[in-house]
Protein chains: 2
Amino acid sequence: MAGTEHRPISRGRVAKREAILEAAMRVFAQDGYPAAGIDRIATLAGVSKPTVYNHFDDKESLFRTVMRDGARRSATKITSAFDTRFGAADDPAGRPDIAEQLAEVAFLVLDCQLSDEGWTLQRLLYAEAARMPDLYDEVVGLGGVPVRNALAGWLARLANRGLLEIEDPEVAASQFMALIAGDLPAMSALGTRPISRSALVAAVDGGVRTFLRAFAPRRRSRAVQVRPPATSAGPSTVG
Amino acid sequence: MAGTEHRPISRGRVAKREAILEAAMRVFAQDGYPAAGIDRIATLAGVSKPTVYNHFDDKESLFRTVMRDGARRSATKITSAFDTRFGAADDPAGRPDIAEQLAEVAFLVLDCQLSDEGWTLQRLLYAEAARMPDLYDEVVGLGGVPVRNALAGWLARLANRGLLEIEDPEVAASQFMALIAGDLPAMSALGTRPISRSALVAAVDGGVRTFLRAFAPRRRSRAVQVRPPATSAGPSTVG
DNA sequence: AGAAAACTACACCAGAGGGTTTAGTTTTCG
DNA sequence: CGAAAACTAAACCCTCTGGTGTAGTTTTCT
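Here the structure is a predicted model, which is why all the values come from computation and not from measurement.

Residues and elements named next belong to chain B. Inspection of the secondary structure puts Glu128 in helix α6 (residues 116–128). Relative accessible area serves as the criterion here: at 6%, Glu128 is assigned to the buried category. Residues contacting Glu128, with those up to four places away along its chain left out, are Tyr33, Pro34 and Phe63.

Contacts to DNA strand C come from 22 residues, most closely from Arg13(A), Ala36(A), Ile38(A), Lys49(A) and Thr51(B). Restricting the count to atoms of DNA strand C within 4 Å of the protein gives a sugar and phosphate share of 70%. Within the backbone of Ser48(B), a nitrogen or oxygen atom sits 3.1 Å from a phosphate oxygen of DNA strand C. The separation between a phosphate oxygen of DNA strand C and a polar side-chain atom of His55(B) is 3.1 Å. Elements with a contribution of two residues or more to the surface near DNA strand C: α2 (38–45) and α3 (49–55) of chain A together with α3 (49–55) of chain B. Ranked by residues supplied to the surface near DNA strand C, first place goes to α3(B) with 4 residues. By residue class, the composition of the surface near DNA strand C is 7 nonpolar, 6 polar and 9 charged.

At the interface, 38 residues of chain A touch 38 residues of chain B. Between chain A and chain B lies a buried interface of about 3400 Å² when both sides are counted; carbon and sulfur atoms form 53% of it. A salt bridge links Arg193(B) to Asp137(A); the nearest nitrogen and oxygen atoms lie 2.9 Å apart. Between the two partners, chain A and chain B, sit 20 residue pairs in polar contact (both at pLDDT 80 or more).

Moving on, we come to the pattern of salt bridges. All names here are of chain B. If you walk through the whole model with that rule in mind, you get 30 salt bridges over all chains. In this structure, Arg72 and Asp69 form a salt bridge, with 3.6 Å as the shortest nitrogen-oxygen distance. Of the two residues, Arg72 and Asp69 are both situated in helix α4 (residues 59–86); the distance of 3 residues between them amounts to about one turn of the helix. Assessed through its relative accessible area of 41%, Arg72 is described here as partly exposed. As a salt-bridge pair, Arg209 and Asp205 come within 2.8 Å of each other at their nearest N and O atoms.

Looking now at the side chain of Arg213(A). Relative to the helices and strands, Arg213(A) resides in helix α10 (residues 197–215). Look at Arg213(A) and you get buried, because its relative accessible area is 14%. Side-chain polar atoms of Arg213(A) contact the side chain of Glu167(B), separated by 2.7 Å. Discounting residues that sit within four places of it in the chain, Arg213(A) has contacts with Arg218(A), Glu165(B), Glu167(B), Arg213(B), Ala214(B), Phe215(B) and Arg218(B).

Applying the stated rule across the entire model yields 4 cavities of 30 Å³ or more. A volume near 120 Å³ is recorded for the largest cavity. Forming the boundary of the largest cavity are 19 residues, of which Ala127(A), Arg131(A), Gly32(B), Tyr33(B) and Ala127(B) lie nearest the centre. Elements supplying a minimum of two residues to the lining of the largest cavity: α6 (116–128) of chain A together with α1 (14–31) and α6 of chain B. Here the element with the most residues in the lining of the largest cavity is α6(B); it accounts for 5 residues. Grouping the constituent residues of the lining of the largest cavity by class yields 10 nonpolar, 3 polar and 6 charged. Lining the second largest cavity, in full, are Phe28(A), Ala29(A), Gly32(A), Thr120(A), Arg123(A), Leu124(A), Ala127(A), Ala127(B) and Arg131(B). Those elements giving two or more residues to the lining of the second largest cavity turn out to be α1 (14–31) and α6 of chain A.

Residue and element names in this part refer to chain A. Packing of helix α4 (residues 59–86) against helix α7 (residues 133–160) brings their axes to within 8 Å, and their N-to-C directions diverge by 5°. Classed by the angle they form, the pair α4 and α7 counts as roughly parallel. Facing α4, whose interface residues are Phe63, Arg64, Met67, Arg68, Ala71, Arg72, Ala75, Ile78, Thr79, Phe82 and Phe86, α7 presents Asp134, Leu135, Glu138, Val139, Leu142, Gly143, Pro146, Val147, Ala150, Leu151, Trp154 and Arg157. Among the residues forming the contact of α4 with α7, the class breakdown is 15 nonpolar, 2 polar and 6 charged.

Attention shifts here to the confidence of the model for chain A. Residue and element names in this part refer to chain A. With 82% of its residues at a pLDDT of 70 or more, chain A has an overall mean of 85. When mean pLDDT is taken per element in chain A, helix α8 (residues 169–181) scores highest with 95 and helix α9 (residues 184–187) scores lowest with 89. Taken together, the stretch residues 231–236 has pLDDT below 50 and engages in 10 contacts with residues farther than four places along the chain or on a different chain.

For the pair chain A and chain B, the relating rotation is 180°, the translation along its axis is 0.0 Å, and the fit reaches an RMSD of 0.0 Å. The transformation just described matches what one would write down for a two-fold rotation axis. Most of the interface of chain A is mirrored in chain B, where 100% of its interface residues are also at the interface.

Moving on, we get to the environment of Arg73(B). All names here are of chain B. For Arg73, the location among the structural elements is in helix α4. Of the residues examined, Arg73 reaches a relative accessible area of 43% and is grouped as partly exposed. Along the backbone, Arg73 and Glu117 are 44 residues apart, and their C-alpha atoms lie at a distance of 9.6 Å. The residues touching Arg73, leaving out its near neighbours within four places in the chain, are Met25 and Glu117.

Thresholds, definitions, all that
- Residues numbered from 1 in each chain as written.
- Chains lettered and ligands numbered in written order.
- Predicted model: local features only at pLDDT ≥ 70, side-chain atom pairs only at ≥ 80, totals over all residues.
- Heavy atoms only, no water.
- Helix = DSSP H or I, 4+ residues; strand = E, 2+ residues; numbered from the N terminus.
- Buried < 20%, exposed > 50% of the residue type's maximum accessible area, 1.4 Å probe, protein only.
- Contact = heavy atoms within 4.5 Å.
- Near = heavy atom within 4 Å.
- Polar contact = N/O pair within 3.5 Å; in protein donor to acceptor, adjacent residues only side chain to side chain.
- Nonpolar A, V, L, I, M, F, W, Y, C, P; charged D, E, K, R; others polar.
- Buried area = accessible area lost by both parts, 1.4 Å probe.
- Salt bridge = Lys/Arg side-chain N within 4 Å of Asp/Glu carboxyl O.
- 1 Å grid on protein atoms, 1.4 Å probe; cavity = no way out; pocket = protein on both sides within 12 Å on 5 of 7 lines; lining within 4 Å.
- Points joined across faces, edges and corners; volume = space filled by probe spheres on them.
- Axes fitted to C-alpha atoms, helices over the stretch in contact; angles between N-to-C directions.
- Parallel < 35°, antiparallel > 145°, perpendicular 65-115°, else oblique.
- pLDDT = per-residue confidence, 0-100.
- Least-squares fit on C-alpha atoms with pLDDT ≥ 70 in both.

The following block contains the structure:
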């Protein structure tokens, strides 16, 4: 019925496929899955409608591919950035301040999660989760799980160095993400309106502060000051 | 253009209106706003299609009413339960254990937020937020804000009694809700599959524990043990 | 009782959207 | 070059759906 590649030989025209996928992402983002029209997708992609059906079995297959690709792209984007900055070779003890590192990680995660594509994926996933439960599982497995695992591993290393007091790194990772996200979804109206950089900084600051109050070693807790890393360019929803 | 009551005199037939709204909620929940059909809503409500249009201007007006009513109902349900249990007349210092109180509040909030109606509202809101930003604001103002305010007020009272160390009750309330919700949305696939009661208890337990580690007074922190209150009947997604 | 309002069943319209077909053109590759 | 594959434009089919009109029936209020 539906293999990932239903055309046995797909030579040459990869560019069209990419164009279709990108246009589909945009139209789905704007109109939602049910209201999105193949005609509009085809037009936006600069392609005729039958060509769309030449690349994808049907509308749902196209949608699933868009979601899968997006989740994969988001996850690799964030995990790779995470690895180059806080990879296993990195020694957390050599860093100046834990709060600063946590804040940097927070901005790393949020810059991806709060990007246009991240929001779009979340909204579409929410909208269709009830009708496509398997797609939900797939996207979470591709997008959410790897990120949390990377974060949990890093937190565990911090804990091993005695820089944090963490019992269950998985739980701590979830809670860290929950804390730094906080009210941002509500404030940005699920990504449909821009959020000020200062609000973002405040959210991260508050989340990191609370996280440290909970997980810092019990001795003296020094004051926490957070500032956004200059390296991370803000996504378009974060002006 | 569109008043809340476009029929100047609406006598008598309130039952039909209720039936339509309830049927609409169900059909919207199942099919999503764009794919839902007025015909199906009318049939499910035991009403003819023109009657639907006699009560509501158009499909979007019906949808907005459904969302507004749902948000209001959810909010009053939770705030009233909260007030009767932890109202301003209540003296938090007279209670046995703060962890237990926090857990009780957590179950109160989650039982509402994770109910079928709560999930439905969230999914529909997510799905249409991009197309109806004003509806988003309205629903958040009706549903989310009052709950957070009630929670923040209660936390502030706890802090005044010296039972918690909280700088900003609003932030603490947000973080509390974020912590106790945690992975539950992902685990229940946004409410589309049941969640075990033990998982719910574990989530609340972890959230409350971390919250207390962050906000309990700095002196000795006694061990935290959480158990669900027997009074709160689990919603259907929480078996 | 009687009038007004609400409701019902049913037919109807117009538009849109998924998906296919046809016939002809361009690209690719051996 | 020449054939296979991919692409295009356009028309087409079919179903669904939002929304309306008509004509007759029930409810409700005075």
